[in-house]
Amino acid sequence: MWKNRNVWIILTGEFVAGLGLWLGIIGNLEFMQDRVPSDFVKAVILAIGLLAGVAIGPLAGRLTDQGSKKKIMLISSIVRALSVIFMFVAIETNSVVWMVIFLIILQGSAAFYFPARQAAIPLIVKERELLALNGVHMNVSTLSRVIGTAIAGVLLTLISLRNVYALSLVAYLLLAVATLFLKLDETKTPSAKKVDAKASSGFKDVFPIIKSIPVIFMTLVMTLIPLLFLGGFNLLVINISELQDSTAIKGWIYTAEGLAFMTGAFMIKRIGEKFSAFSILFSFSFLIGVAQLMLYFADIPFMSIAAFVLFGFSVGCFFPTAVTIFQTRMPKEYHGRFFSFRNMLDRIIFQVVLLVTGFFLDLIGLQLMVVLFGISSIAMTGAFLVYTRKHQLHIEEDSTEKMSS
């Protein structure tokens, strides 16, 4: 795998783009923190961008299955770079409206890029290497987040917000350059000649496939639990910082959670050799609920960091396992539409959780909210476990063998 030129291009592009993304995210939070006092209004602003990604999801899925994945990744990278121009206007005019336009274009381009990238990964490595590559890919993404947030925090004290976004723009342009060198043999995709005819129906053909393969349906449902934490992640960090009256805790939380995620994603290959995917998904889903409950003690720096470490390690094991199941069990001719549908579903859940998080933070405060979320996560995990055992929806042996081979 490490001798594969495409692997290095994908990983390098992901790292550079991740730096740009997190420079922009920290910049967004800084921009809103000075201009938008309400957590709920902050959530609404962020949700508008996510909604744009949801609206464009079906089109993105069809085009990914119909056309060149490389071309879609390249065009969406260029559009993402151009979107930063609107953030420059927002800073100059001190207007949140221009920031909303920036978020809409940014999330719209991401709605094309991410499904195309997920569909491209199985085309560049052998199936037995997918779990390892997914783990490494997520580690690279997390490393870029850790470094990006740390750099952004330092840069905001040294340079203007405008220059932070300028660096973000450079990163997106470098992603486009890296994508140019990617070589994909898309003729190997099964039933490639039939895709053009089928893809015009959008998600309609994907739903029966999801229903007919229990492991895909169950894994898709299980991903809702970590999203209950991730959806309001940035708002949680802001509130913990305010609760502890410490700006430094933001950096510690992002760093600790990121390192824990990387550790989980690094160890998942060995864990997958000893435990079934079924056990991995449910065990770490439960631990995510425990991490949420631990944030009841968010006023204590050690406990808040420990909660994010537990969460980071859990999702570092959970997501590579889930993505590998999707890539190996879903027929490749449906990858574009499936990953677009999953991306759209994630955005809807993110949007709902973001709004609910902002609402509850204003209404009942951080500590009561995380108890409510933690109990909900553990209860959902238990309910899903009972349901799968009752209906015998176990992950097939061949799926487990593929992951551990």
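Please read all numbers here as calculations on a predicted model, not as lab measurements.

Reading the values: the criteria
- Along every chain, residues carry numbers that run from 1 in the direction the sequence is written.
- Selection of residues for local features in this predicted model requires a pLDDT of at least 70, selection of side-chain atom pairs for listing and counting requires 80 or more, and totals for whole chains, interfaces and linings are taken over all residues.
- Only hydrogens and water are set aside when side-chain values are computed; all heavy atoms of the structure are taken into account.
- Secondary structure follows DSSP: runs of H or I at least 4 residues long count as helices, runs of E at least 2 residues long count as strands, and numbering of each begins at the N terminus.
- Exposure categories follow from relative accessible area, calculated using a 1.4 Å probe and restricted to protein chains: below 20% of the type maximum is buried, above 50% is exposed, and the middle band is partly exposed.
- Residues are treated as being in contact if the distance between any of their heavy atoms lies within 4.5 Å.
- To measure how exposed things are, a 1.4 Å probe is used in the Shrake-Rupley method; for residues, cover is taken only from the protein chains shown.
- For this analysis, a ring pair means two rings from Phe, Tyr or Trp (six-membered ring only for Trp) whose centres lie within 6.5 Å, classed as stacked if their planes differ by under 30 degrees, edge-to-face if by over 60, and tilted for the remaining angles.
- Only lysine NZ and arginine CZ atoms are considered, and such an atom sits over a ring when it is within 6 Å of the ring centre and within 35 degrees of the ring normal.
- We count a salt bridge whenever a side-chain nitrogen from Lys or Arg sits within 4 Å of a carboxyl oxygen from Asp or Glu.
- Helix span is expected to be 1.5 Å times the residue number reduced by one.
- By the criterion applied in these results, polar contacts are pairs of N or O atoms within 3.5 Å in which, for protein atoms, one can donate a hydrogen and the other can accept it, and in which residues neighboring in sequence qualify only through two side-chain atoms.
- The pocket and cavity definitions rest on a 1 Å grid over protein atoms only: a 1.4 Å probe that fits but cannot leave marks a cavity, an open set with protein on both sides within 12 Å along at least five of seven lines marks a pocket, and residues lining either have an atom within 4 Å of a point.
- Grid points are joined across faces, edges and corners, and a volume is the space filled by probe spheres set on the points.
- Residue type decides the class: Asp, Glu, Lys and Arg count as charged, Ala, Val, Leu, Ile, Met, Phe, Trp, Tyr, Cys and Pro as nonpolar, and the leftover types, Gly among them, as polar.
- What pLDDT reports is the predictor's confidence in each residue, on a scale of 0 through 100.

**Considering the overall build of the protein chain**
Working step 1: Each helix and strand counted, the protein chain has 17 helices and 0 strands in total.
Working step 2: Residue burial in the protein chain is summarised as follows: out of 405 residues, 56% are buried.
Working step 3: Counting only contacts in the protein chain whose residues sit at least 6 apart along the sequence, the fraction spanning at least 24 positions is 85%.
Working step 4: For the protein chain, the accessible area works out to roughly 16700 Å², and carbon and sulfur atoms hold 69% of it.

**Re the packing of aromatic side chains**
Ring pairs (aromatic) are described by centroid distance and by the angle formed between their planes.
Working step 1: Summed over all chains, the structure comprises 12 aromatic pairs.
Working step 2: The interplanar angle of 50 degrees and the centroid separation of 6.2 Å between the aromatic rings of F229 and F233 together place this pair among those described as tilted.
Working step 3: Assessed through its relative accessible area of 1%, F229 is described here as buried.
Working step 4: With a centroid separation of 3.8 Å and an interplanar angle of 15 degrees, the aromatic rings of F229 and F311 are classed as stacked. Taken as a pair, F229 in helix 10 (residues 224-230) and F311 in helix 14 (residues 301-329) lie far apart in primary sequence, 82 residues in all. Accessibility classification places F229 together with F311 in one group, the buried group.
Working step 5: One aromatic cluster is present, built from ring pairs that chain together F229, F233, F308 and F311.
Working step 6: The ring of F31 has R35 lying over it, and the distance from NZ or CZ to the ring centre is 3.9 Å.
Working step 7: If you follow R80 out to its NZ or CZ, it ends over the ring of Y113, 5.0 Å from the centre.

**A word on the side chain of T219**
Working step 1: Looking at the element boundaries, T219 is found in helix 9 (residues 214-222).
Working step 2: Classification of T219 as buried rests on a relative accessible area of 1%.
Working step 3: With sequence-adjacent residues up to four places away left out, T219 is seen in contact with L281, A322, I325 and F326.

**Description of the environment of S109**
Working step 1: Tracing the backbone shows S109 in helix 4 (residues 96-124).
Working step 2: Spatially, the C-alpha atom of S109 lies 4.9 Å from that of S76, the residues being 33 residues apart in sequence.
Working step 3: In contact with S109, not counting residues within four places along its chain, are S76, V79 and R80.

**Remarks on unusual backbone geometry**
Working step 1: For N94, which is not glycine, the phi dihedral falls at a positive 55 degrees.
Working step 2: Positionally, N94 belongs in the loop between helix 3 (69-93) and helix 4.
Working step 3: Assessed through its relative accessible area of 48%, N94 is described here as partly exposed.

**A look at the pattern of salt bridges**
Working step 1: For the structure on display, the rule yields 1 salt bridge.
Working step 2: In this structure, R162 and E92 form a salt bridge, with 2.6 Å as the shortest nitrogen-oxygen distance. Residue R162 is found in helix 6 (residues 161-180), and its partner E92 is found in helix 3; the two are separated by 70 residues along the sequence.
Working step 3: Classification of E92 by relative accessible area gives exposed; the value is 53%.

**Describing helix 4**
Working step 1: Here helix 4 is 29 residues long and its end C-alpha atoms lie 41 Å apart, about the 42 Å a rise of 1.5 Å per residue gives.
Working step 2: Taken across its 29 residues, helix 4 has 22 buried, putting it largely inside the fold.
Working step 3: Among the residues of helix 4, the N-terminal cap falls to S95, whose side-chain oxygen and the backbone nitrogen of V97 are separated by 3.2 Å.

**Some points on empty space enclosed by the protein**
Working step 1: Applying the stated rule across the entire model yields 6 cavities of 30 Å³ or more.
Working step 2: Lining the largest cavity are 46 residues, and of these L21, W22, F114, L230 and F350 sit closest to its centre.
Working step 3: The leading source of residues in the lining of the largest cavity is helix 4, at 9 residues.
Working step 4: In this model, the second largest cavity occupies a volume close to 70 Å³.
Working step 5: Lining the second largest cavity we find I9, I10, G13, E14, M73, Y113, R117, H137, L175, A178, T179 and L182.
Working step 6: Of all the elements, helix 1 (residues 5-35) adds the most residues to the lining of the second largest cavity, at 4 residues.
Working step 7: Considered class by class, the residues forming the lining of the second largest cavity number 7 nonpolar, 3 polar and 2 charged.

**Digging into the confidence of the model for the protein chain**
Working step 1: In the predicted model, the protein chain carries a mean pLDDT of 79, and 88% of its residues have values of at least 70.
Working step 2: The low-confidence segment residues 395-405, where pLDDT is below 50, has 29 contacts with residues more than four positions distant or belonging to other chains.

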